[in-house]
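The primary structure of each chain is shown beneath.
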There are 2 protein chains.
Amino acid sequence: MRKLYLIGIGAGNPEYITVQAIKALNLVDVFFFMDKGKAKQDLVNLRKQICERYIEKTSYRVVEADDPVRDTTISDYTTRVELWHRQRALVYEEMIAQQLEENQCGGFLVWGDPSLYDSTLRVIEHIIACGRLCFEFEVIPGITSIQVLAARHKISLNGIGESIVITTGRQLSAGLSGTAERTIVMLDGQCSFNSLLDEELDIFWGAYLGMEEEILLSGKLSEIAGMIEKVRHEKRQRNGWIMDTYLLSKPNRAAQARVPRTGTSCDHNDL
Amino acid sequence: MRKLYLIGIGAGNPEYITVQAIKALNLVDVFFFMDKGKAKQDLVNLRKQICERYIEKTSYRVVEADDPVRDTTISDYTTRVELWHRQRALVYEEMIAQQLEENQCGGFLVWGDPSLYDSTLRVIEHIIACGRLCFEFEVIPGITSIQVLAARHKISLNGIGESIVITTGRQLSAGLSGTAERTIVMLDGQCSFNSLLDEELDIFWGAYLGMEEEILLSGKLSEIAGMIEKVRHEKRQRNGWIMDTYLLSKPNRAAQARVPRTGTSCDHNDL
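Conventions we followed
Residues numbered from 1 in each chain as written. Chains lettered and ligands numbered in written order. Predicted model: local features only at pLDDT ≥ 70, side-chain atom pairs only at ≥ 80, totals over all residues. Heavy atoms only, no water. Helix = DSSP H or I, 4+ residues; strand = E, 2+ residues; numbered from the N terminus. Rg over C-alpha atoms; globule rule 2.2 N^0.38 Å. Buried < 20%, exposed > 50% of the residue type's maximum accessible area, 1.4 Å probe, protein only. Areas by Shrake-Rupley, 256 points an atom, 1.4 Å probe, with all protein chains shown as cover. Salt bridge = Lys/Arg side-chain N within 4 Å of Asp/Glu carboxyl O. 1 Å grid on protein atoms, 1.4 Å probe; cavity = no way out; pocket = protein on both sides within 12 Å on 5 of 7 lines; lining within 4 Å. Points joined across faces, edges and corners; volume = space filled by probe spheres on them. Axes fitted to C-alpha atoms, helices over the stretch in contact; angles between N-to-C directions. Parallel < 35°, antiparallel > 145°, perpendicular 65-115°, else oblique. Left-handed = near helix turned anticlockwise from the far one by under 90°. Contact = heavy atoms within 4.5 Å. Nonpolar A, V, L, I, M, F, W, Y, C, P; charged D, E, K, R; others polar. Domains from an automatic or database assignment. Buried area = accessible area lost by both parts, 1.4 Å probe. Polar contact = N/O pair within 3.5 Å; in protein donor to acceptor, adjacent residues only side chain to side chain. Least-squares fit on C-alpha atoms with pLDDT ≥ 70 in both. Pairing = 2+ DSSP bridges. Phe/Tyr/Trp six-rings, centres within 6.5 Å; stacked < 30°, edge-to-face > 60°. Lys NZ or Arg CZ within 6 Å of the ring centre and 35° of its normal. Core = buried A, V, L, I, M, F, W, Y, C linked by side-chain atoms within 4.5 Å.

(A) View of the overall build of chain A. When its secondary structure is counted, chain A shows eight helices and ten strands. Relative to the 2.2 N^0.38 estimate, which gives 18 Å for 271 residues, the radius of gyration of chain A is 20 Å and therefore close to what a compact globule would have. Based on the C-alpha atoms only, the size of chain A along its principal axes is roughly 55 × 45 × 40 Å. For chain A, buried positions account for 62% of its 271 residues. Accessible surface, chain A: about 10,900 Å² in total, of which carbon and sulfur atoms supply 47%.

(B) Structural detail: the pattern of salt bridges. All chains considered together, the criterion is met by 24 salt bridges over all chains. The shortest N-O distance in the salt bridge between Glu15 of chain B and Lys23 of chain A comes to 2.8 Å. On the criterion of chain membership, the pair formed by Glu15 of chain B in the loop between β1 (2-8) and α1 (19-25) and Lys23 of chain A in helix α1 (residues 19-25) is interchain, its members lying in two chains. Residue classification places Glu15 of chain B among the buried residues on the basis of a relative accessible area of 7%. According to the relative accessible area criterion, Lys23 of chain A is partly exposed, its value standing at 40%. Between Glu15 of chain B and Arg53 of chain B there is a salt bridge, with its nearest N and O atoms 2.6 Å apart. Placement of Glu15 of chain B in the loop between β1 and α1 and of Arg53 of chain B in helix α2 (residues 40-54) is noted, with a sequence separation of 38 residues between them. Looking at Arg53 of chain B, the relative accessible area reads 43%, which means it is partly exposed.

(C) Region of interest: empty space enclosed by the protein. Considering all chains together, one arrives at five cavities of 30 Å³ or more under this definition. Together, 18 residues line the largest cavity, and Thr144 and Ile166 of chain A together with Thr144, Ile146 and Ile166 of chain B are the ones closest to its centre. Secondary-structure elements contributing two or more residues to the lining of the largest cavity are α5 (145-153) and β6 (164-168) of chain A together with α5 (145-153) and β6 (164-168) of chain B.

(D) Broad picture of the packing of helix α3 (residues 77-99) of chain A against helix α4 (residues 120-130) of chain A. Residues and elements named next belong to chain A. Contact geometry for α3 and α4: axes closest at 8 Å, N-to-C directions at 70°. Regarding the angle of α3 to α4, the classification is roughly perpendicular. Of the two possible hands of crossing, α3 and α4 adopt the one that is right-handed. Together, Glu82, His85, Arg86, Arg88, Ala89, Tyr92, Glu93 and Ile96 of α3 and Thr120, Arg122, Val123, His126 and Ile127 of α4 make up the contact between the two elements. For the contact of α3 with α4, a count of residues per class yields five nonpolar, three polar and five charged.

(E) Local environment of the domain arrangement of chain A. Residues and elements named next belong to chain A. Structurally, chain A comprises domain 1 (2-140) and domain 2 (145-270). For domain 1 and domain 2, the distance between their C-alpha centroids amounts to 28 Å. The interface is formed by 13 residues belonging to domain 1 together with 17 residues belonging to domain 2. In total, domain 1 and domain 2 occlude about 1,200 Å² of area from one another, counting both sides; carbon and sulfur atoms represent 67% of this. At the surface where domain 1 touches domain 2, the tally comes to two residue pairs in polar contact (both at pLDDT 80 or more). Looking at side-chain class alone, the side of domain 1 that touches domain 2 contains eight nonpolar, two polar and three charged residues.

(F) Fine view of the side chain of Asp67 of chain A. Residue and element names in this part refer to chain A. Mapped onto the elements of the fold, Asp67 is located in the loop between β3 (61-64) and α3. Residue classification places Asp67 among the buried residues on the basis of a relative accessible area of 13%. Looking at Asp67, its side chain comes within polar contact range of the side chain of Arg88, at 2.8 Å.

(G) Spatial organisation of the relation of the copies chain B and chain A. Rotating chain B by 180° about the axis while translating it 0.0 Å along that axis superimposes it on chain A, leaving an RMSD of 0.0 Å. Such a combination of turn and shift is consistent with a two-fold rotation axis. In terms of C-alpha distance to the rotation axis, chain B has Thr18 of chain B as its closest residue, with the C-alpha 2.0 Å off the axis. Mapped onto chain A, 99% of the interface residues of chain B are again interface residues, and the two copies thus contact each other with one and the same surface.

(H) Representation of the pairing of strand β1 (residues 2-8) of chain A. Residue and element names in this part refer to chain A. Burial of β1 is extensive: seven of the seven residues sit out of reach of the surface. Of the two faces of β1, the one holding Arg2, Leu4, Leu6 and Gly8 and the one holding Lys3, Tyr5 and Ile7 are both buried throughout. As defined by bridge partners, β1 adjoins strand β5 (residues 135-140) across six bridges and the pair is classed as parallel. Bridge pairing in β5 links Ile7 to Ile140. Two strands pair when backbone bridges link them, and β1 and strand β4 (residues 105-110) are joined in this way by six bridges, in the parallel orientation. Looking across to β4, one finds that Leu6 is bridged to Phe108.

(I) Main features of the pairing of strand β2 (residues 30-33) of chain A. Residue and element names in this part refer to chain A. Judged by which residues are buried, β2 turns out to be covered on both faces: Val30 and Phe32 on one side and Phe31 and Phe33 on the other are all buried. As paired strands, β2 and β3 are joined by four bridges and run parallel to one another. Its bridge partner lying in β3, Phe32 is registered against Val63. As defined by bridge partners, β2 adjoins β4 across two bridges and the pair is classed as parallel. Bridge pairing links Phe31 to Gly107 in β4.

(J) Inspection of the packing of aromatic side chains at higher detail. Evaluated as defined, the whole model comprises ten aromatic pairs over all chains. Between the aromatic rings of Phe31 of chain B and Tyr60 of chain B, the centroid separation amounts to 5.6 Å while the plane-to-plane angle is 90°, which identifies the pairing as edge-to-face. Of this pair, Phe31 of chain B sits in strand β2 (residues 30-33) while Tyr60 of chain B sits in the loop between α2 and β3 (61-64), placing them 29 residues apart in sequence. Each member of the pair Phe31 of chain B and Tyr60 of chain B is classed as buried. Among the aromatic residues, those joined into a cluster by ring pairs are Phe32, Tyr92 and Phe108 of chain A. Stacked on the ring of Trp84 of chain A, the Lys or Arg Arg70 of chain A has its end atom at 4.1 Å from the ring centre. Its guanidinium or amino end placed over the ring of Phe137 of chain A, Lys154 of chain B lies 4.7 Å from that ring's centre, counting from NZ or CZ.

(K) Geometry of the nonpolar core. Among the nonpolar cores identified, the biggest contains 132 residues, and Ile7 and Leu248 of chain A together with Ile7 and Leu248 of chain B are the most heavily contacted of them. The contact partners of Leu248 of chain B, leaving out residues within four places of it in the chain, are Leu172, Leu176, Glu181, Arg182, Thr183, Val185, Leu196, Leu201, Asp202, Ile203 and Leu221 of chain B.

Following this line, the structure appears as structure tokens:
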């Protein structure tokens, strides 16, 4: 039977990959690369770099496919994304059927972790639900950008015994969830933190986390929101894409969270 | 100058370790092991196993210390934990000062990820705040039990574009946070899910995640809560300790979350 591996490759730094993921990479006969948008070529290159660095055999193949475009005429976000997943499922299904022989292993290299704000798992579910293609699959966890953000800022994600909310820019623009002391925001292309400048919050922001170009900024949200927006805009212009994430913390907790550092806030991975 | 590495070693499976963590392990001269409670010996053994498997040099040392006991006469949870962190800080400070020479590297092997419900980072902050000992430190992220839970159940942690709450058993017993569709619960020694049997929820539960004895159970909370409690009690009795975590999902989301599986719900890591 065919087998698919959904392999979390970590966020940015090729050394975030786990030993388990390296083992899985070495079992794969055909890798399917389907990146989208402006980051596409950079992320495809990172995946190729990971394959070249960690795979010992030379017999694997890489199949790249064009990602379907989201139908922007559909106004409801969830409906739009779900339809897009179904379209992706058709493309994936055809790719797997045509490119992967029975008894071969296919691999999807997932940025970060397959369980967190990634669609690959849902697309695989759609294919299974259609029932036309039979395969096993396994999920290999990977380091997320959230963990890299915390490690590089040297902060805890949670206050002692407290809850954490992980949310999206879209959700944040509707307001901060009242209960949690700390909120982690992903997928925020609109700088939604600007809607919270009246609240007393600290921000720990990071872009291109784990990569050569990593940028870290932290401070009072009301004081550095403008700088973050400016840096974000400039970097996106220059590179053609940006990926960033941040943690918002109520200030009494920020005192716990912030650590005196010996380095600067912009130093790069020491390892 | 002395340097400390806080190294996330992942949850359970020694193959969850990252290439970055292996590099850091190989820089460390002295490892400090400070586990507590009933799991102590098993977790110390896992750390030793990781050192033996991944460190190439033979010159490193391991220093084990007794962990201070929490003062149970202090009723407020946060106060009790903060005081315990300060006591730990004194023990760590003395250990580092006595066992680590200038220009040597010390290492703390942290279960899961140093940024998530772990005290090592806070203890290091206390030592820095005291100002008696000068050192650099670096945080190396690791795979958390949450990620292992999701990977092994083959579920996404988030619904499409939705928020997630990560919380503790203690917080959950005060009620489910109203806004998020999915809640991940850690540090729940009291089976606090029993307070939510009236709500329509699905549960994805895992214990000893990533380890030989891994147990996975999932289903409607109201139907399987009793079984989870029974299994949890028996395993804790037999092993002397248990570590478990779970995801609660509102049912319309559970349909998205649950994936038809080819294996059973109790099969072990394929890799």
